Amino acid sequence: MTQETLLIGLAGVLASASPLIFAVIGETLSERAGVINLSMNGTILLAAMGGFAVAYNTNSILLGFLAGMLIGALVALIVAFAGITLQQSQVAVGFVLALTCRDLSYFLGNPYMGVPGPRLQAVPIPLLSELPLLGRLFFQHDVITYISFVAIFLAWAWIFRTRPGLMLQGIGEKPAAAYVRGANVNRMRYIYTVVGGALIGLAGPAFSLATRAGWMGTISGLDGFGWIALSITIFGGWNPLRGAFGAYLFALLQWLGLVLQPVLTQVPSQVLQVAPFPLMILTLLFVNIGNAEWVERALAAMPDSARRIFAKLLRAMRTSPPAALGVPFKRD
Amino acid sequence: MLKGRVGGIFYQLAALALAFGVVSLILVAVGASPAEAFRNIFAGSFGSMRKFAEVLVAFVPLLLVTAGLLVTFAAGLWNIGVEGQVVLGAIVTTWVYRIFLDSSLSPAFVILLAILGGLIGGALWAALAGVLKVFGGVNEIFGGLGLNFVATALTIYLIFGPWKRPGVASMSGTVPFSDEFSLPLLTNLRISPWALALALIGIVIVYFLLQGTYFGLRLKAVGRNFRAAYLLGIPTWQYSMYSFLICGALAGAAGAMQVAAVYHRLIPSISSGYGYLGLMVAMLINYQAVWAVPVALFFAALNIGSIQLPILMKLDSSLSGVLQGVLVLFVLLAAGIRQKFGRRVSS
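Residues numbered from 1 in each chain as written. Chains lettered and ligands numbered in written order. Predicted model: local features only at pLDDT ≥ 70, side-chain atom pairs only at ≥ 80, totals over all residues. Heavy atoms only, no water.

J.: I'd like to hear about the overall build of chain B, residue by residue, with values.
T.: Helix and strand content of chain B: 14 helices and zero strands. Reading chain B from its N end, one meets helices and strands in the order α-α-α-α-α-α-α-α-α-α-α-α-α-α. Taking 20 Å as the expected radius of gyration for a compact globule of 347 residues, we find that chain B reaches 21 Å, a close match to that expectation. With the principal axes as the frame, chain B shows a C-alpha extent of 70 × 60 × 35 Å. Residues classed as buried in chain B amount to 54% of the 347 residues present. In chain B, once contacts between residues fewer than 6 apart in sequence are set aside, the share between residues at least 24 apart is 76%. Seen as two clouds, the 20 positive and the 8 negative side-chain charges of chain B have centres 18 Å apart. (Helix = DSSP H or I, 4+ residues; strand = E, 2+ residues; numbered from the N terminus. Rg over C-alpha atoms; globule rule 2.2 N^0.38 Å. Buried < 20%, exposed > 50% of the residue type's maximum accessible area, 1.4 Å probe, protein only. Contact = heavy atoms within 4.5 Å. Lys, Arg positive; Asp, Glu negative; His and termini not counted. Charge placed at Lys NZ, Arg CZ, Asp CG, Glu CD.)

J.: Which residues make up the interface of chain A and chain B, and what values do they have?
T.: Listed as interface residues are 37 residues of chain A and, on the opposing side, 46 residues of chain B. Of the roughly 3600 Å² buried at the junction of chain A and chain B (both faces included), carbon and sulfur atoms supply 82%. It is Phe 95, Phe 107 and Ile 281 of chain A that lose the most area in chain A upon contact with chain B, and together they represent 18% of the buried surface on that side. In this structure, the connection of chain A to chain B is made through zero salt bridges. It is helix H5 (residues 90–109) of chain A that provides the largest number of residues to the side of chain A that touches chain B, a total of 13 residues. When grouped by side-chain class, the residues that make up the side of chain A that touches chain B number 29 nonpolar, seven polar and one charged. (Buried area = accessible area lost by both parts, 1.4 Å probe. Salt bridge = Lys/Arg side-chain N within 4 Å of Asp/Glu carboxyl O. Nonpolar A, V, L, I, M, F, W, Y, C, P; charged D, E, K, R; others polar.)

J.: Talk me through the pattern of salt bridges; I want residue IDs and the actual numbers.
T.: All names here are of chain A. Following the criterion strictly, the structure yields seven salt bridges over all chains and no others. In this structure, the salt-bridge partner of Arg 136 is Glu 4, at a minimum N-O distance of 3.8 Å. Residue Arg 136 is located in helix H6 (residues 134–138), and its partner Glu 4 is located in helix H1 (residues 3–16); the two are separated by 132 residues in the primary sequence. On the accessibility criterion, Glu 4 (43% relative accessible area) is partly exposed. With a closest N to O distance of 2.4 Å, Asp 304 and Arg 307 form a salt bridge. A residue pair is termed a helical-turn pair when its members lie 3 or 4 positions apart in one helix, as Asp 304 and Arg 307 do in helix H16 (residues 304–317) at three residues. Owing to a relative accessible area of 45%, Asp 304 belongs among the partly exposed residues under this scheme. For Arg 307, a relative accessible area of 30% puts it in the partly exposed group.

J.: Residues and numbers for the nonpolar core, please.
T.: Residues Phe 95, Ile 171 and Trp 215 of chain A together with Trp 78, Tyr 97 and Phe 299 of chain B are the most contacted members of the largest nonpolar core, which totals 215 residues. By residue number, the principal contributor to this core is helix H3 (residues 49–74) of chain B, which donates 17 residues. Contact partners of Phe 299 of chain B, with chain neighbours within four places excluded, come to Leu 62, Leu 277, Met 280, Val 281, Leu 284, Gln 324, Leu 327 and Val 328 of chain B. In terms of nonpolar packing, the next biggest core, distinct from the first, is built from six residues, Ala 292, Val 295, Leu 299 and Leu 314 of chain A among them. (Core = buried A, V, L, I, M, F, W, Y, C linked by side-chain atoms within 4.5 Å.)

J.: I'd like a description of unusual backbone geometry, backed by residues and values.
T.: Residue and element names in this part refer to chain B. Positive phi outside glycine occurs at Tyr 287, with the angle close to 60°. Inspection of the secondary structure puts Tyr 287 in the loop between helix H11 (274–284) and helix H12 (292–305). Classification of Tyr 287 as partly exposed rests on a relative accessible area of 32%. Positive phi is not limited to glycine here, since Lys 314 has a value of about 55°. Among the secondary structure elements, Lys 314 is positioned in the loop between helix H13 (309–313) and helix H14 (319–346).

J.: An account of helix H2 (residues 18–32) of chain A is requested, with residue identities and associated values reported.
T.: Residue and element names in this part refer to chain A. In a regular helix each residue adds 1.5 Å, so 15 residues correspond to 21 Å; H2 covers 21 Å between its end C-alpha atoms and thus fits that length. With respect to burial, H2 is a largely interior element, 15 of its 15 residues being buried. Looking one or two residues beyond H2, the residue adopting positive phi is Gly 34, at roughly 105°. (Expected span 1.5 Å × (residues − 1).)

J.: Report on the packing of aromatic side chains, specifying residues and quantitative values.
T.: Describing an aromatic ring pair means giving the distance of the ring centres and the angle of the ring planes. Here the structure, examined in full by the defined rule, presents 27 aromatic pairs over all chains. Taking 5.4 Å as the distance between ring centres and 65° as the angle between the ring planes, the aromatic pair formed by Phe 95 of chain A and Trp 78 of chain B counts as edge-to-face. Here the residue Phe 95 of chain A occupies a position in helix H5, and Trp 78 of chain B occupies one in the loop between H3 and helix H4 (82–100), the pair thus bridging two chains. (Phe/Tyr/Trp six-rings, centres within 6.5 Å; stacked < 30°, edge-to-face > 60°.)

J.: Can you break down the environment of Trp 227 of chain A residue by residue, with the values?
T.: Locating Trp 227 of chain A in the fold gives a position in helix H11 (residues 225–235). According to the relative accessible area criterion, Trp 227 of chain A is buried, its value standing at 5%. Expressed as a C-alpha distance, the spacing of Trp 227 of chain A and Leu 285 of chain A, which sit 58 residues apart in the sequence, is 16 Å. Trp 227 of chain A has contacts with Leu 38, Asn 41, Phe 95 and Ala 98 of chain A together with Leu 145 and Phe 149 of chain B, leaving out every residue within four places of it along the chain.

J.: Can you tell me about the side chain of Ser 243 of chain B, naming the residues and giving the values?
T.: Mapping Ser 243 of chain B onto the fold places it in helix H10 (residues 236–263). If we ignore the near neighbours within four places in the chain, the residues touching Ser 243 of chain B are Val 71, Thr 72, Ala 75, Leu 77 and Leu 219 of chain B.

J.: Quick one: what's the story with the packing of H3 of chain B against H12 of chain B, residue by residue and with numbers?
T.: All names here are of chain B. Where H3 meets H12, the closest approach of the two axes is 8 Å, and the angle between their N-to-C directions is 130°. Judged on the interaxial angle alone, H12 and H3 are oblique. For the pair H3 and H12, the crossing hand works out as right-handed. In this structure, H3 contributes Lys 51, Glu 54, Val 55, Leu 56, Ala 58, Phe 59, Leu 62, Leu 63 and Thr 66 to the contact, and H12 contributes Ala 292, Val 293, Ala 296, Leu 297, Phe 299, Ala 300, Ala 301 and Ile 304. Of the residues belonging to the contact of H3 with H12, the class tally is 14 nonpolar, one polar and two charged. (Axes fitted to C-alpha atoms, helices over the stretch in contact; angles between N-to-C directions. Parallel < 35°, antiparallel > 145°, perpendicular 65-115°, else oblique. Left-handed = near helix turned anticlockwise from the far one by under 90°.)

And the structure:
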């Protein structure tokens, strides 16, 4: 493999991860506020289909992206209404929406199957794109990929470096304390769930108008990305930087699966494409196992030197969800 | 009490009417006649004995999966990995068939072994999700989802790899085995009375397990309040594992039926989404086993009835999924609205 093809491949990895980045950031914001939006898999499909249909009919890619965000926001609004106002199980409502929106996208998208439509073009950034290596990697993408780069740092800075971000952490960790400090917990949760939903919705057109342009119904190959984004959110420990790392890792593995296919001829291509999933389970195991009770006991039984190393290792990998995730807030 | 129940039925009927209303609007929006669509779905599922038999073919795995899920829901677990458990049931069933097809054992015995294999396969796959949850701290939703993808990959690997048809491997699946190894079917119909009986026995066992046994009571205690159950001396993690094993075995039975009574081979989409659909049924019936049979039958009828829609009306057959989803959504929302506003009105 020459250096040039490797660079093109890696730049492709960065671009193909952009839908996942939006979905992971959206879910991270929602869950940081204490609301699980489990509808992601269906939302992304419906937004991909809707975004494509709008862009196709209006001939405006921008309207397509806005339509995708609107769809995501509306679905999230249902999750928020059921979970916050009605205090029903967020998991149940989210799961139902995941299936319903998926089927709805196939049903409504039927006329658009395989229709050639608009597609976002790459816009090399002047000067920067001329840089050796870096230019090819980072500065010869389409607009949505650039936005995905910026979104990672914006979301990180918002959560960890601003006052509203601190409040956001509060309403997910200790809503009662945040309420006492003057936060309108339920209104904030509504806002973050809907904004997060809009970002999740953005992932749809990021597929259907950019990285995997077009709508192909059940064979679009988009079914499953929402579930992956959900796993990456956990893998990322509700931190946009770590989540973005997970999304790039996933995209890299998928690309490697394609690249290695001619080498590993005995392994069917379909198997290589799902290779990231077992790895995802393993990583989830690694980041969660520190929370298991028997691990603490095993650690306690170890000799001092070994315990220190293992404890450090587990703590470095370990993530735990916002304490009030999925729990409705009641004033009393 | 009676008033409460009548109120509940009112909310459920309202949800049902709203769901049909919303789906009708969607149909109108795409330029199709709702009445014609619903009539076609009805005719496609109950129009003839043969069609009704097809509904029953879909009803069997759906009911088995629902029965299993009632057990994990009782234990407070969201066993989303049920889809993969169906797949593993089908894989192990096919595997046992492949081992004994050329043996001197009688076909009836081979069928029995294969189905038992399916039960064990599903149970072990569920146990994996259980171990991840209990010992690994991995939430059963995320572990289960990952395992679903792995199960599908395993199916495709087997079909295109070690179990491929002589000559060319294809998406049509492994080599079908001869009719004598199939569960006996009714004459001229595709439904096996044995499969139907197994599904009904499954839901009856689950009903009595949850309603009439000490085991069921303790399981529900674990589901309601894990911490309190633990403090009461119930071996909580063991009960979580039991519920995974029971659900997995029932899901595995569904997979075994797909192989032994329907397809007679392993195909890529062997689970047909019945695992996820079972979750919807369980939610719609509010986790009450008594309603499992009629609602699973209704959902199966919607699935089968919509198969003809692409030919008859140029509509995508995913309409059935939309209708099922909207229905469950409105029932969930209606339950929430009733809890929040209903009480205030009555008091």
